[in-house]
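Breakdown of the fold
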Amino acid sequence: MDTIQWGSLPEELQVMPFNLRIMAHVGLWGPRYRVYRFWALFTFGTMVILFPKTVLGIGSDDVTAICKGLAELNFEASIYIPMAIFALKRDAFERVIQGLDEIFREVTFGEESKDCYNMIREQNVKIKKFFKFLVVYCVYGPFAYCLPAVLISHWRFWNSFEPMVFELPMEQNFYGLQIRTNFTHYHIFVGLSMIAYSFCGFMSLIKIATMCFMIKYNSLCYRLVAEKIRKLPQPTDDGPTKVNIEDLKKLVEVHRKAYNVTELIEDICQVPLALEFLTCVIFWCLSMIYISKKIDFNLINVMIIFCLSLIETFGCSFLGSELAEEAEAVGKAIYDLPWYEHSAELQRFYRLIIQRTQRPTGITGVKLFVVQRTTFASVIQMSYSYYLVLQDLLNNF
């Protein structure tokens, strides 16, 4: 399918509208033929950043330069690989958006849906603010990373008569150009790097927003289901109140859709999140090795990308744990009902929901292990252990 039916909901209820508009510009949303835009930019970034670092090498024997180059390579790979996965799994992503859209329609339909309407609207207000912050970060991030090296190189060039080595925004060789000593070659490299890093920031915006917002909206779906369950008629002193069987069937269907969305998100995000976890461990090791060898200007760049990776890993861990808790809260809401006073037919529907919350699959289970807060805490311990091993190898070498 080229497009899905989206956007007919009021803007305050739409699923990540700003993110989808951004994705449409590079062909990851909307008409399928536009996807060539993404792959063209992806190829350009790969040839400027990933290919030279991987094939042509770092271009230095200094341990700290190698650490910086490897840190940059890991950071860039943690952006390019997940984005390639998103592009290849576009069908699953479209089903996620369609599923969320259908859930929001169903829970906001009717006279008693005001609370659900407000929950979605408040969530979208928070997401909109966070998205604006991400846009600012991703627009200015590449310039903040690259420009200091350029300014320092120019200051040294115009105030020194001695042969000098230019400060590189990225540690790598570049197709035979003398980017460390030749003024013209250096600026050719810097210009191409700024364009590639700007696209890197754009893809980072899409990656972070897409993963975080999908998980956050899915958590909201379970919270909406739990709210609907609590709104079911309760017994009074005059006797039990009859629950409308059709309303309960719709609620079970909404929960089924939320669970299907969870499985789709797992299919899309499990490799990117596992890569995020691995990248954070590698960054931590490289940062400690760098600090143990030298403290200079380039350490700032290393710590910038390390902190960004750490924040992203913590964010995914926190949101994943929140999703698991919200999914379990649906089962608790069912338990809190006086289900024992209801008919056997109603109890059968209750049992369907409870069984679904107990299945060990999806983001709520064991397969996507990296979205647990305890896993984030283990990053520190694991990273330090690897650092000690690497430090010992370097000292012996």
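Calculation criteria
- Residues numbered from 1 in each chain as written.
- Predicted model: local features only at pLDDT ≥ 70, side-chain atom pairs only at ≥ 80, totals over all residues.
- Heavy atoms only, no water.
- Core = buried A, V, L, I, M, F, W, Y, C linked by side-chain atoms within 4.5 Å.
- Buried < 20%, exposed > 50% of the residue type's maximum accessible area, 1.4 Å probe, protein only.
- Helix = DSSP H or I, 4+ residues; strand = E, 2+ residues; numbered from the N terminus.
- Contact = heavy atoms within 4.5 Å.
- Patch = residues over 30% accessible without salt bridge, like charges linked within 9 Å, V, L, I, M, F, W, Y side chains within 5 Å.
- Areas by Shrake-Rupley, 256 points an atom, 1.4 Å probe, with all protein chains shown as cover.
- Salt bridge = Lys/Arg side-chain N within 4 Å of Asp/Glu carboxyl O.
- UniProt positions renumbered as here; feature names shortened; annotations may be inferred.
- Arc of directions from axis to C-beta.

Notes on the nonpolar core
Grouped together as the largest cluster of nonpolar side chains are 105 residues, with contacts concentrated most on Met-16, Phe-93, Phe-104 and Tyr-217. Elements represented by at least two residues in this core include exactly helix 1 (17–25), helix 2 (35–56), helix 3 (63–88), helix 4 (90–107), helix 5 (114–158), helix 6 (183–230), helix 7 (245–293) and helix 8 (298–336). The biggest single contributor to this core is helix 6, with 26 residues. Ignoring anything within four residues of it in the chain, the contact list for Tyr-217 reads Gln-14, Val-15, Met-16, Leu-100, Phe-104, Asn-124 and Ile-127.

What about a nonpolar patch on the surface?
A contiguous nonpolar surface patch, about 420 Å² in accessible area, is contributed by Met-47, Phe-51, Val-55, Leu-56 and Tyr-175. Here Tyr-175 is to be found in the loop between helix 5 and helix 6.

Quick word on the UniProt feature "transmembrane region" (unreviewed entry) in the protein chain
Following the UniProt record, the feature "transmembrane region" (unreviewed entry) maps to residues 35–51, 130–155, 186–206 and 297–319 here. Taken end to end, residues 297–319 has its terminal C-alpha atoms 34 Å apart, with 96% of it in helix and 0% in strand.

Looking at the pattern of salt bridges
Scanning the entire structure with this criterion turns up 17 salt bridges. The shortest N-O distance in the salt bridge between Lys-68 and Glu-72 comes to 2.7 Å. Remark: Glu-72 and Lys-68 occur in helix 3; sequence separation between them is four residues, near one turn of the helix. Side by side, Lys-68 and Glu-72 carry an identical accessibility label, which is buried. The partner of Arg-156 in a salt bridge is Glu-167, and the shortest N-O contact between them spans 3.1 Å. Taken as a pair, Arg-156 in helix 5 and Glu-167 in the loop between helix 5 and helix 6 lie far apart in primary sequence, eleven residues in all. With relative accessibility at 33%, the residue Arg-156 sits in the partly exposed group. With a relative accessible area of 16%, Glu-167 lands in the buried category. Each of Arg-32, Arg-90, Asp-91 and Glu-94 takes part in one network of salt bridges that share partners.

Examining helix 1
What helix 1 keeps buried is the set Pro-17, Asn-19, Leu-20, Met-23 and Ala-24. For helix 1, the angular spread of the buried residues around the axis is 160°, confining them to a single face. Where the residues of helix 1 are buried, they touch helix 2, helix 4, helix 5 and helix 6. Just downstream of helix 1, Gly-27 is the residue with a positive phi angle, here 85°.

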